Amino acid sequence: MQVFKKTNFDFIGMRYKAYIFSSLILGAGIVSLVMKGGPKLGIDFTGGNLIQLAFKKDVPIKDIRQVLTQAGYGDAELQEITGRPAIIIRVPKGPSSVDSLAKDMQKDIADKIAGSDPTVDRAEFVGPAVGRALADQALSAIAWASILIIVYVGFRFKSTLWGICSIVAVVHDVLSIVGIFSILNKEISVTVVAGILTLAGYSMNDTIVIYDRMRENLRLSRKEPLADIINRSVNETLSRTIMTSMTVAITLLVLFFFGGEVIHDFAFAMLWGVFVGSYSSIFVAAPIIYQWQVKERPATVIQGKVPVKK
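Residues numbered from 1 in each chain as written. Predicted model: local features only at pLDDT ≥ 70, side-chain atom pairs only at ≥ 80, totals over all residues. Heavy atoms only, no water.

J.: What exactly am I supposed to notice about the overall build of the protein here?
T.: Secondary structure summary: the protein contains 10 helices and four strands in total. In the protein, the succession of α and β elements from N to C terminus is α-α-β-α-β-β-α-β-α-α-α-α-α-α. For the protein, the C-alpha atoms occupy an extent of roughly 75 × 40 × 30 Å along the three principal directions. A separation threshold of at least 6 residues defines the contact pool for the protein, and within that pool the share at least 24 residues apart is 77%. For the protein, the accessible area works out to roughly 16,300 Å², and carbon and sulfur atoms hold 63% of it. In the protein, 33 positive and 26 negative side-chain charges are present, and the distance between their average locations comes to 12 Å. (Helix = DSSP H or I, 4+ residues; strand = E, 2+ residues; numbered from the N terminus. Contact = heavy atoms within 4.5 Å. Areas by Shrake-Rupley, 256 points an atom, 1.4 Å probe, with all protein chains shown as cover. Lys, Arg positive; Asp, Glu negative; His and termini not counted. Charge placed at Lys NZ, Arg CZ, Asp CG, Glu CD.)

J.: Can you help me understand the sheet that holds strand β1 (residues 48-54) in this one?
T.: In any sheet, the strands associate via hydrogen bonds between backbone groups, in a parallel or an antiparallel arrangement. Ordered in space as β2-β3-β1-β4, the four strands form an open sheet in which the pairing is antiparallel. The sheet is open, and its two borders are formed by β2 (77-80) and β4 (119-126), each paired with just one other strand. On average, adjacent strands in this sheet sit at an angle of 15° to one another, irrespective of strand direction. As paired strands, β2 and strand β3 (residues 86-91) are joined by four bridges and run antiparallel to one another. (Pairing = 2+ DSSP bridges. Axes fitted to C-alpha atoms, helices over the stretch in contact; angles between N-to-C directions.)

J.: Looking at this structure, I do not really get the nonpolar core. What am I missing?
T.: One recurring pattern in soluble globular proteins: nonpolar side chains tend to sit buried together. Residues Val153, Trp162, Phe181, Tyr211, Met214 and Ile230 are the most contacted members of the largest nonpolar core, which totals 57 residues. For this core, the elements supplying multiple residues, two or more each, are α1 (15-35), α5 (128-157), α6 (160-183), α7 (190-220), α8 (226-258) and α9 (264-296). For this core, the leading source of residues is α9, giving 15 residues. If near-sequence neighbours (up to four positions away) are discounted, Tyr211 is found in contact with Val153, Phe157, Trp162, Cys165, Ser166, Ala285, Ala286 and Ile289. Ranked by size, the runner-up nonpolar core spans 20 residues in total, among them Ile61, Ile64, Ile109 and Ile113. (Core = buried A, V, L, I, M, F, W, Y, C linked by side-chain atoms within 4.5 Å. Buried < 20%, exposed > 50% of the residue type's maximum accessible area, 1.4 Å probe, protein only.)

J.: For this particular structure, what's the right way to read the side chain of Gln52?
T.: With respect to the helices and strands, Gln52 occurs in strand β1. In contact with Gln52, other than residues within four places in its own chain, are Ile81, Arg84, Ile87, Ile88, Thr119, Val120, Asp121 and Arg122.

J.: Explain the environment of Phe21 here, please?
T.: Relative to the helices and strands, Phe21 is located in helix α1. Its relative accessible area of 33% is what places Phe21 among the partly exposed residues. C-alpha separation for the pair Phe21 and Phe256, spaced 235 residues apart in sequence, amounts to 26 Å. With sequence-adjacent residues up to four places away left out, Phe21 is seen in contact with Phe275 and Tyr279.

J.: Any chance you could explain the packing of α1 against α6 here in plain terms?
T.: For any two helices packed against each other, the geometry comes down to the angle between their axes and how far apart the axes lie. In the contact formed by α1 and α6, the axes pass within 8 Å of each other and the chain directions differ by 50°. In terms of axis orientation, α1 runs oblique to α6. When the axes of α1 and α6 are compared, the crossing they make is left-handed. Where α1 approaches α6, its residues Ser22, Ile25, Leu26, Ala28, Gly29, Ser32 and Leu33 are matched on the opposing element by His172, Leu175, Ser176, Val178, Gly179, Ser182 and Ile183. Residues of the contact of α1 with α6, tallied by class, amount to seven nonpolar, seven polar and no charged. (Parallel < 35°, antiparallel > 145°, perpendicular 65-115°, else oblique. Left-handed = near helix turned anticlockwise from the far one by under 90°. Nonpolar A, V, L, I, M, F, W, Y, C, P; charged D, E, K, R; others polar.)

J.: Just checking my understanding: could you explain helix α4 (residues 98-112) for this structure?
T.: Along an α-helix, residues three or four apart share an orientation, since each turn contains 3.6 residues. Its 15 residues place the ends of α4 21 Å apart at the C-alpha level, agreeing with the 21 Å of an ideal helix rising 1.5 Å per residue. Those residues of α4 that are buried lie in contact with β1, α3 (61-70), β3 and β4. (Expected span 1.5 Å × (residues − 1).)

J.: I tried to follow the packing of aromatic side chains on my own but got confused; where do I start?
T.: Aromatic ring pairs are reported here in terms of the distance separating the ring centres and the angle at which the planes meet. This model, assessed by the stated rule, comprises 10 aromatic pairs. Between the aromatic rings of Trp272 and Phe275, the centroid separation amounts to 5.6 Å while the plane-to-plane angle is 50°, which identifies the pairing as tilted. In this pair, Trp272 and Phe275 both sit in helix α9, three residues apart, roughly one turn of the helix. When the ring centre of Phe268 is taken as reference, the NZ or CZ atom of Lys186 above it lies at 5.2 Å. (Phe/Tyr/Trp six-rings, centres within 6.5 Å; stacked < 30°, edge-to-face > 60°. Lys NZ or Arg CZ within 6 Å of the ring centre and 35° of its normal.)

J.: Where do I start with the packing of α6 against α7 in this structure?
T.: Closest axis-to-axis distance for the α6/α7 pair is 9 Å, and the angle between their directions is 145°. Between α6 and α7 lies a crossing of right-handed hand. Taking contact as the criterion, the partners of Trp162, Cys165, Ser166, Val170, Asp173, Val174, Ile177, Val178 and Phe181 in α6 are, on α7, Val192, Ile196, Leu199, Ala200, Ser203, Met204, Thr207, Tyr211, Met214, Arg215 and Leu218. Per-class residue counts for the contact of α6 with α7 are 15 nonpolar, three polar and two charged.

J.: Looking at this structure, how should I read a nonpolar patch on the surface?
T.: Side chains of Ile250, Leu253, Val254, Phe257 and Phe258 sit close together on the surface and give an oily, nonpolar patch of about 570 Å² of accessible area. Residue position: Phe257 is located in helix α8. (Patch = residues over 30% accessible without salt bridge, like charges linked within 9 Å, V, L, I, M, F, W, Y side chains within 5 Å. Salt bridge = Lys/Arg side-chain N within 4 Å of Asp/Glu carboxyl O.)

J.: Please explain the side chain of Asp173 as it appears in this structure.
T.: Position of Asp173 relative to the elements: it lies in helix α6. In contact with Asp173, not counting residues within four places along its chain, are Ser203, Val276, Gly277 and Ser280.

This is the structure:
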């Protein structure tokens, strides 16, 4: 199925406008991060109190969240336990001890939700050391993914430059997600990091599709100017890009509005990432290849006769 039968947009001609747009998005995020001293990290990374409550019957998580919000724990993270009526509550460390906090929550829920009869299964403090370990693992995963992507793209397309340009697009997407979370004062949790890594893969897949078409068109039209080849390649894959993005976005919108608080930030990160991932594949990954080639071989690239490795 095609959204557009045939398009002829001059994406290379619009690249400077795209650079300005990207600079505004990334610049606003970076300014917010600097002013706030970095991203707002969740309890998984900063440490906090973990309380597990068990109930005699199933209690809707939205009712528990409402009680905790009224009691002053609006920033609490709730997680249901599959197979049993129990819930895990994570809250930032406060002046009260974790045992005292667990008893207060137990009493609040028992008083407000009739028949819940909560009991404290465990109450413990998760130290920042665990958070540092999680942060190190997340950064390590991103670094290794970037290295392997450069190797894969460089091997597949026989060009390290294409691999580096694809990573630039991925970094663009990751920074934009972290920036928008900072601007909106949203916490970055382990779930959000999972969403960011998922989006990195999504964006890379979109970029690979365009690169693959560029490679084929370069082989078929070696004497054509590089700008025309890139524009035609992006236009030929545009319908696929839009259809894929729309399909994913519709699913994420359902999760965002009806999935509940637990995956709300994950769905938001994915929604924003789908937008910037599709945008960067079209306006960042391909145009910077052209920009670099023009800088290295201006006459050859502009007039045509682009050298292609077989």
